[in-house]
Structures are given as structure tokens and as C-alpha cells.
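Analysis of the macromolecular model
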Amino acid sequence: MKMNNFKVIGLTCISFTMVLSGCSATKTAEPAAATTAPAASTAAATKAPEPAKSGEKITINFWNPFSGNDGPFMKKIVDNYNKSQDKYNVKMTIQPNGDYYKLLDTAIATKKGVPDVAIMHLDQTPTYIAKDLLQPLDEVAKSAGVDKGNFPAATVDYSTKDGKWYSIPLDIHPLVMYYNKDLFAAAGITAPPTNRQEFVDAAKKLTDPSKGIWGAAMPTFWIQNFLFPTVLFQNGGSFLDEKGNIAYNSPAGVEAVTFMRSLTTMKVSPPTVAADGDFNLFQQGKSAMHFNGPWAKDAFDKAKVNYGVAEVPQLGTVKKAVFAGSHNFVIPKSTTDAAVLAGVGDFLKYVSNNSIDWAESGQAVASKVVRDSAAFKAMTQQQTEVAKEFDYVQFAPKVLNWGPISDSIWSELANALQGKKDPKAALDDAAAKSTIAMNKK
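A brief report on the enclosed structure follows. (Residues numbered from 1 in each chain as written. Predicted model: local features only at pLDDT ≥ 70, side-chain atom pairs only at ≥ 80, totals over all residues. Heavy atoms only, no water.)

**Remarks on the overall build of the protein chain**
Helix and strand counts for the protein chain stand at 18 helices and 15 strands. Expressed as a percentage of the 441 residues in the protein chain, the buried residues total 58%. Looking at the protein chain as shown, the accessible area adds up to about 17,200 Å², and 52% of this sits on carbon and sulfur atoms. (Helix = DSSP H or I, 4+ residues; strand = E, 2+ residues; numbered from the N terminus. Buried < 20%, exposed > 50% of the residue type's maximum accessible area, 1.4 Å probe, protein only. Areas by Shrake-Rupley, 256 points an atom, 1.4 Å probe, with all protein chains shown as cover.)

As C-alpha cells, then:
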């Protein structure tokens, strides 16, 4: 799902992770989210389901935004679940990624066609929880035998408020580094870089102006939503300080932007990169290293790129860190039928034990049971590399309406990366706008 500008769509969705992970049909994007209060909308919601008749399977209505290449992988999980038992029937509805939260908000506001269970990006949950639109999952999970210890603590902690747990993770999708194996071999580089110096050295060796090949095309727009916070965190910085004030224009943030811009002056990256330009160059074999999310795998497979996947090098100066998003299952507050809730729990239990098909899409699944399986460990192309980053992932701030608060970062960051603005001035201007957005009631 693509989030070039972190546009606000509908209710309280925080669109850092567009996270989004492969939820759109576009080649580079990931799940886009929104972050506002529920508002009236003309978008049509699905018709409310009819009550099950005696002897019929209980229908569980499930919404998700997997309208890209990842949709068939989730459909396979749902189909297999429906075949595995004869009590419940999960009816999966894939809503268009760009309209997903608008449709969800409309359904909630009109109380028509609200799904029984839905996918939500992790960083959107704080706002939905604050609006009392989600119900705690503790009892449903306990009854179904879904153990929160089966999932990374960072995801569980993020969606826990006042001791209540509100979302069950399907995956974590951090930024990763793709590299062209053929170009690496031609340059005599035997392993992907792990730190800044190795990255710069490799980029210089890989750049070949005579062939129009760049060491690493530094993105100006999309994927900076993942790359800038990654380098910011690696520099020991953060989006907010301990008092909750905007802090990404700190020395750590300025240093991150200055380094990224320096790749153009080193002439290992084009001086400017149009939207999706970095993706296109890598796909065409004209860029040797590329940052993107796990959702890019399918596009590179289809383009027959001979690529490898590695953890993001420590481009910062302080520690290992990587920005990530996460797809999670949530239950709207309106799902109250005990039989339906039991069915939702049964479905979520099944997914927690049988999400290997989701891993086939390129994602590293959140379930430890699945990650520990022989089938997952045999996935050597990408998934196991992605999972290595789970130990040091960081998410968007756990605040309400982070989408509109962070929206100003990306245009100002583009100005700095294109050399139109000094990095410090660009981040200061963005921070001033973010502060205004944060103070809006």
C-alpha cells in the first residue's frame, strides 16, 4: 500500500507503515493509513449480513486492504480455514487500499456492514482505541487459546492500553535492503554492507557512469517514510522527546538527512530521484542497492532481478535500529454476538498456527510458532532475513493522529534531499508544522 504523502483518509489511521505492506496494486507501495476522527462519508459500506439459519455455518465477515499482490495469499489462508472445519465460514472482503479506512469509518459511523474482524495497521490502533471503536481481545484470545507470548513483545505492548490487549499481529514489515547479486559479483563484493562505511565503499565500487549504473539511488519521496526514521533511530534520535514534543529536527535528524544527501555529492546516487525512480532503477538493473519493504519481493521476482535481501546496514552512528509497520487483526466494538466472537477467535487461532502462506508473500510473520517451523526456516530468499530485524524494530510514536502530525516531514525532507533547502532548515520548518498539527484539538 502506497503512502507517498501519508494522506489522511477517514478515521484515526496512522499511516507510517503503509507499513503499509503490499496492500496496493502499485509496485512500490505498502499499506497506507489515515489518522482522523470518524466523519460522514459517501463511500458505500457492504450490506449487513443476515443472521445464520439453524444448521448453517456461522458467517464471520473479515475485511482487509490487501488489494495488491498479497491478496491471494490471504485468500488462501481463509479458504484453507473454511475447509478445515464445518462450523464457521469466513467471508473475506478485500477493500481498495486507498479507500479502506474511509469505508471502515463509514461502516462504523452508519452501523451498517461493520466487519466482525478486520486488518488494521499497528500505528493506527492508538486512535481507534481512544475513540472506543475496538474491543479488547483478551477474553476472545484466551477462549480460543491464542497466547500473546507467541508474538513479538513490541507489537503486543504497542496495542495494549490500561492492561487490555487490542490487536493480534499478523506480521511485522520493517525496511530491508535489496541488492543486485550480479552487480555485486562484477564489483568483487562478496557480502552486503553492514554499516555506513561499508555501504559507502560498496556504493562507490558499484557505481559505473559508463553503464549508467548507480551504487544506490537515494529515494527522495516514498520509502523515506521508512528510511528517514530508520537512520534517525540509528543515530539515537526519535520523533518525540520524553515530554512528547516534536524532536526529529534534533542533531540526530539533521545528521541523518545530511548523510543521505551526501550520497549525491559522492556521485553514487542520482542528484534527484523522481517518485518511484529508485525502485525503477533497481528493477532495471541500474542501481545496485535499494531500500524497500518485504512487499517489493513479488515485483522483483516478476522482473527476474537476481537480487538478495539483507538487514538494513547501520547507516546511523549509534545503534542498530529499523523502522517497521505491522498488520494486525482487530475486532470492532460492534461485534457482540457470542457465537460470532467464538468464530473470530477460532479463525485467529488458526492463522496464528497456519500463516506460512502469508510468509510466501515475502512477509515475516509475527507468530513465533510459524517462524520456528521448518517450513519458515527453509525460506532462504527473504523471509528469514526480514525476521532477523524483529529484535530491534521501532514503530511510529504511540500517539493519536500521528498521520497528520508527521505529514509535513515528507515534503520538507524532499526539499532537503533535492538540495533545495538546508537539512536543518527543512527539518525545523517541518517540526513547526508538526507542532501546530499536534496542538490542534
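From this point, things continue past the structure.
**Section: helix 18 (residues 423-439)**
Compared with an ideal rise of 1.5 Å per residue, which puts 17 residues at 24 Å, helix 18 spans 24 Å between its outermost C-alpha atoms and is within 8% of the ideal. What helix 18 keeps buried is the set Pro-423, Ala-426, Leu-427, Ala-430, Ala-431 and Ser-434. Taken around the axis of helix 18, the buried residues stretch over an arc of 130°, which confines them to a single face. Residues Ile-436 and Asn-439 are exposed on helix 18 and point more than 90 degrees away from its buried face. Next to the buried residues of helix 18 lie helix 8 (224-234), helix 9 (251-265) and helix 17 (402-417). Put simply, Asp-422 is the residue that caps the front of helix 18, since its side-chain oxygen is 3.0 Å from the backbone nitrogen of Lys-424. (Expected span 1.5 Å × (residues − 1). Arc of directions from axis to C-beta. Contact = heavy atoms within 4.5 Å. Polar contact = N/O pair within 3.5 Å; in protein donor to acceptor, adjacent residues only side chain to side chain.)

**Some words on the sheet that holds strand 13 (residues 327-330)**
Strand order in the open sheet formed by 5 strands is 2-1-3-13-6, and the pairing between neighbours is mixed. Of all the strands in the sheet, the pair left with one neighbour each is strand 2 (88-94) and strand 6 (168-169). Both strand 3 (residues 117-121) and strand 13 contribute to a ladder of 4 bridges, which runs antiparallel. From the neighbouring strand, Ala-118 faces strand 13, where its bridge partner is Val-330. (Pairing = 2+ DSSP bridges.)

**Some words on the side chain of Gln-124**
Of note, Gln-124 is situated in the loop between strand 3 and helix 3 (125-130). Overall, the relative accessible area of 0% leaves Gln-124 in the buried class. Side chain to side chain, Gln-124 and Tyr-101 meet in a polar contact 2.2 Å long.

**Quick word on the pattern of salt bridges**
All chains considered together, the criterion is met by 14 salt bridges. The residue Asp-132 makes a salt bridge to Lys-333 at a minimum N-O spacing of 2.9 Å. Here Asp-132, found in the loop between helix 3 and helix 4 (138-144), pairs with Lys-333, found in the loop between strand 13 and helix 12 (338-353); they are 201 residues apart in sequence, far enough to count as distant. Of the residues examined, Asp-132 reaches a relative accessible area of 46% and is grouped as partly exposed. On the accessibility criterion, Lys-333 (38% relative accessible area) is partly exposed. (Salt bridge = Lys/Arg side-chain N within 4 Å of Asp/Glu carboxyl O.)

**Brief notes about helix 17**
Given a rise of 1.5 Å per residue, 16 residues ought to cover 22 Å, and the 23 Å separating the end C-alpha atoms of helix 17 matches this to within 8%. Within the span of helix 17, buried status applies to Trp-402, Gly-403, Ile-405, Ser-406, Ser-408, Ile-409, Trp-410, Glu-412, Leu-413, Ala-414, Ala-416 and Leu-417. Close packing links the buried residues of helix 17 with helix 8, helix 9 and helix 18. The positive-phi residue at the C-terminal boundary of helix 17 is Gly-419, with phi of around 75°.

**Considering the pairing of strand 10 (residues 287-292)**
In terms of burial, strand 10 is a largely internal element, 6 of the 6 residues being buried. Sheet analysis places strand 8 (residues 176-180) next to strand 10, joined by 4 bridges and oriented antiparallel. Following the sheet pairing, Tyr-179 is matched in strand 10 by Met-289. Two strands pair when backbone bridges link them, and strand 9 (residues 214-216) and strand 10 are joined in this way by 2 bridges, in the parallel orientation. Residue Ala-216 lies in a different strand from strand 10, and its bridge partner there is Met-289.

**Re the packing of helix 7 (residues 196-206) against helix 9**
Contact geometry for helix 7 and helix 9: axes closest at 12 Å, N-to-C directions at 20°. Between helix 7 and helix 9, the angle is such that the two are roughly parallel. For the pair helix 7 and helix 9, the crossing hand works out as right-handed. Of the residues in helix 9, those touching helix 7 at Arg-196, Phe-199 and Val-200 are Glu-255, Phe-259 and Leu-263. Residues belonging to the contact of helix 7 with helix 9 are distributed by class as follows: 4 nonpolar, no polar and 2 charged. (Axes fitted to C-alpha atoms, helices over the stretch in contact; angles between N-to-C directions. Parallel < 35°, antiparallel > 145°, perpendicular 65-115°, else oblique. Left-handed = near helix turned anticlockwise from the far one by under 90°. Nonpolar A, V, L, I, M, F, W, Y, C, P; charged D, E, K, R; others polar.)

**Structural notes on the pairing of strand 2**
For strand 1 (residues 58-64) and strand 2, the ladder comprises 7 bridges, and the chain directions are parallel. When the bridges of strand 2 are listed, Thr-59 appears paired with Asn-89. In the classification by handedness, the crossover that spans strand 1, the intervening helix 1 (residues 71-84) and the parallel strand 2 is right-handed. (Right-handed = clockwise from strand over helix to strand, strands pointing away.)

**A few points about the packing of aromatic side chains**
How two aromatic rings sit relative to each other is set out by the distance from centre to centre and by the angle between their planes. The final tally for this structure, using the stated rule, is 27 aromatic pairs. Aromatic pair Phe-279 and Phe-300: ring centres 5.1 Å apart, planes at 25°, arrangement stacked. Of this pair, Phe-279 sits in helix 10 (residues 277-283) while Phe-300 is found in helix 11 (residues 297-302), placing the two residues 21 residues apart along the sequence. According to the relative accessible area criterion, Phe-300 is buried, its value standing at 0%. Above the face of the Phe-259 ring, Arg-196 is positioned so that its terminal group lies 4.0 Å from the ring centre. (Phe/Tyr/Trp six-rings, centres within 6.5 Å; stacked < 30°, edge-to-face > 60°. Lys NZ or Arg CZ within 6 Å of the ring centre and 35° of its normal.)

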